[in-house]
Amino acid sequence: MAITYPTIRGERKRRTRYQNGWALAFLAPWLVGFLAFTAGPMLMSLYLAFTDYDLLSAPKWIGAGNFSRMFGADPLFLQSLKVTAIYVFVGTPLSLTFALAVAVVLNRGLRGLDFYRSAIYLPSLFGGSVAIAVLWRKVFNGDGLVNQMLALVGIHGPSWISEPHTALGTLIALEVWQFGAPMVIFLAGLRQIPREFYEAAQVDGASRWRQFWSITMPLLSPILFFNLTLQLIRSFQAFAPAFIISDGSGGPADSTLFYSLYLYQEGFVNFDMGYAAAMAWMLVLLAGAVVAVNFIFSRYWVHYGD
Amino acid sequence: MATERLAAIRDDADSRPAVRRWAPGRRLLAHFALIVVTLVMLYPLVWMVASSFKPTDEIFSQPGLIPRHLQPSNYAEGWRGVSTAFSIFIENSLLISLFAIVGNVISCSLAAFAFARLHFIGRRIAYATMLVTLMLPTHVTLVPQYILFNKLGWVNTFYPLFVPHFFAVDAFFVLLMVQFIRSLPRELDEAARLDGCNPWKTYRYIVFPLLRPALVTTIIFTFIWTYNDFFKQLIYLNDVELFTVPLGLRQFLDSTGDSSWGPMLAMSTVALLPPLVLFITFQRRIVDGVATSGLKG
């Protein structure tokens, strides 16, 4: 603001008087929580990552032993990394593509928008729950819903969840089934794009396809970036569905051994807490690296309007 | 911040109808496509409810939705459970969720008021720190938290599942409330101050009551997250009497395997009822909550 009236300035001066005492009182719960449940534990797990610790005897310092075990002597760790990578890098683009496609169709002022939106969002609300994982197990069972449907057209489907090469696919399907949440976010973004842009493009003779790539995508790119980041962080941490579908084993043949699931097994079944802590930090590094790469590349495709 | 952008987008959405319509023919096609998508999305859920009323052998011999032999006893059998009644699991889940909600409402609103309205040294750093915790995978604090709660003798109790919520660990809700408080006119605070309200009274009598929409969103999502959570409950609860709905379902699955589909699907249906009722009641607010802040189910 260019003009500052004396009275307002006086007002502002009084307001910017620090209220440190009050702030401390209001923030006390958060501060205690941050120190006791976030910062403290993070430092502690950083320390434990370099130790051998089984909860009963004192932690024993083993240097980078846990990390060299991960990449040198633990095929299961590498397997969990592979499974998670496939899940993240196949599931995320698929669900975002669906989300965007349906959002674009829905954004045309169709009657029943609220109904479609709610119905498609509903699976996201239930998403990661055990009840849905149980249902999924039944749906993809040898004589479950999917194979009953396939039988109608004469195809004899496999037992999806007990075949090593299809089990992970069912979990990716479960992830894609929840595309409603990013779709709702896309819809909110699409509504913001001014109608005049499309009208102008139409006058210039641009096809719908062209309009999508030249108007919709650039203007929606910040929201696509937001969705992508959220989805990546979430997928890295997926746990319950894999646990339920494989009875906690990550089977068949370790084909659904998600990172989180393996971390759980090492830390809370084998009580190899040092290794679990090292895995947790490795997850932070890996997920952080993916998000960072995404962030760096965003400069080339995310357009923030001026 | 992307979320703030989204909040701004939503505010504009109603005042600026930027909608382009399809031509009539295409509109019909669009409806057709959407109906197919919606059916595919909802079919597994409908199938689950239908199957929960069928005898187990009919579930995998008859793909149709309507049961030939109605078998409501699936519900009775599931409800009795393997060793413990399902009602106990529901009670436990609701109890934990209730405490988590109370904790989040109090602690997150206090923190949000400080971030949005008070001037203090280190505000920027504290706020940025809080935002960073949003992005952290929970795994990195998991092991030490377990050790901590184990030392406190809290393993196999409900405490680890709700006590942290009294300390504003869900930064998402703090962020949500900060944005909401910032949208409230400052003149209200000023007026209160001139009338002799200290920050506590301003919070208690001005901001907190006005915060209601954000609090409702917080309550809904705290409930859904706590109710759906599996990892922490799996780690911390060992006794069957303390089991929650997800653990109860899992126990049922473990002990009956794939033999009793009927009761299993019946209890899965029951398990999804509380979030479903909540969704039907607060549809708008839930969808808006997702659109503005990226909260997921």
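Please refer to the structure placed before this passage.
Since this is a predicted model, take the numbers as computed values, not measurements. (Residues numbered from 1 in each chain as written. Chains lettered and ligands numbered in written order. Predicted model: local features only at pLDDT ≥ 70, side-chain atom pairs only at ≥ 80, totals over all residues. Heavy atoms only, no water.)

## Considering the overall build of chain A
Alright, step 1. Each helix and strand in chain A was counted, giving 14 helices and 2 strands.
Alright, step 2. Its C-alpha atoms give chain A a radius of gyration of 25 Å, more than 25% over the compact-globule value 19 Å for 306 residues.
Alright, step 3. Each principal axis of the C-alpha distribution contributes one length, and for chain A these read about 70 × 70 × 35 Å.
Alright, step 4. Taking all 306 residues of chain A together, 55% fall into the buried category.
Alright, step 5. Contacts in chain A between residues at least 24 apart in sequence constitute 68% of all its contacts with a sequence separation of at least 6.
Alright, step 6. Total accessible area on chain A stands at roughly 13,700 Å², and carbon and sulfur atoms take up 67% of it.
Alright, step 7. Here chain A contributes 20 positive and 16 negative side-chain charges, whose respective centroids are spaced 16 Å apart. (Helix = DSSP H or I, 4+ residues; strand = E, 2+ residues; numbered from the N terminus. Rg over C-alpha atoms; globule rule 2.2 N^0.38 Å. Buried < 20%, exposed > 50% of the residue type's maximum accessible area, 1.4 Å probe, protein only. Contact = heavy atoms within 4.5 Å. Areas by Shrake-Rupley, 256 points an atom, 1.4 Å probe, with all protein chains shown as cover. Lys, Arg positive; Asp, Glu negative; His and termini not counted. Charge placed at Lys NZ, Arg CZ, Asp CG, Glu CD.)

## What about the environment of A:Phe89?
Residues and elements named next belong to chain A.
Alright, step 1. Within the secondary structure, Phe89 is located in helix H4 (residues 75-106).
Alright, step 2. For Phe89, a relative accessible area of 46% puts it in the partly exposed group.
Alright, step 3. Separated by 56 residues in sequence, Phe89 and Leu145 place their C-alpha atoms 27 Å apart.

## Observations regarding the interface of chain B and chain A
Alright, step 1. On the chain A side, the residues contacting the 112 residues of chain B number 105 residues.
Alright, step 2. Carbon and sulfur atoms make up 73% of the area that chain B and chain A hide from each other, which totals about 10,200 Å².
Alright, step 3. For B:Arg284, the salt bridge is made with A:Asp114, and the minimal N-O distance between the two is 3.6 Å.
Alright, step 4. Between the two partners, chain B and chain A, sit 10 residue pairs in polar contact (both at pLDDT 80 or more).
Alright, step 5. Residue contributions to the side of chain B that touches chain A peak at 16 residues, all from helix H2 (residues 24-51) of chain B.
Alright, step 6. Residues of the side of chain B that touches chain A, tallied by class, amount to 73 nonpolar, 22 polar and 17 charged. (Buried area = accessible area lost by both parts, 1.4 Å probe. Salt bridge = Lys/Arg side-chain N within 4 Å of Asp/Glu carboxyl O. Polar contact = N/O pair within 3.5 Å; in protein donor to acceptor, adjacent residues only side chain to side chain. Nonpolar A, V, L, I, M, F, W, Y, C, P; charged D, E, K, R; others polar.)

## Digging into the nonpolar core
Alright, step 1. Within the largest apolar cluster, 180 residues are counted, with the highest numbers of intra-cluster contacts made by A:Met183 and B:Phe115.
Alright, step 2. Per-element tally for this core: the top contributor is helix H5 (residues 86-117) of chain B, with 15 residues.
Alright, step 3. If we ignore the near neighbours within four places in the chain, the residues touching B:Phe115 are A:Leu27, A:Trp30, B:Phe120, B:Arg123, B:Ala126, B:Tyr127, B:Met130, B:Val174, B:Val178 and B:Arg182. (Core = buried A, V, L, I, M, F, W, Y, C linked by side-chain atoms within 4.5 Å.)

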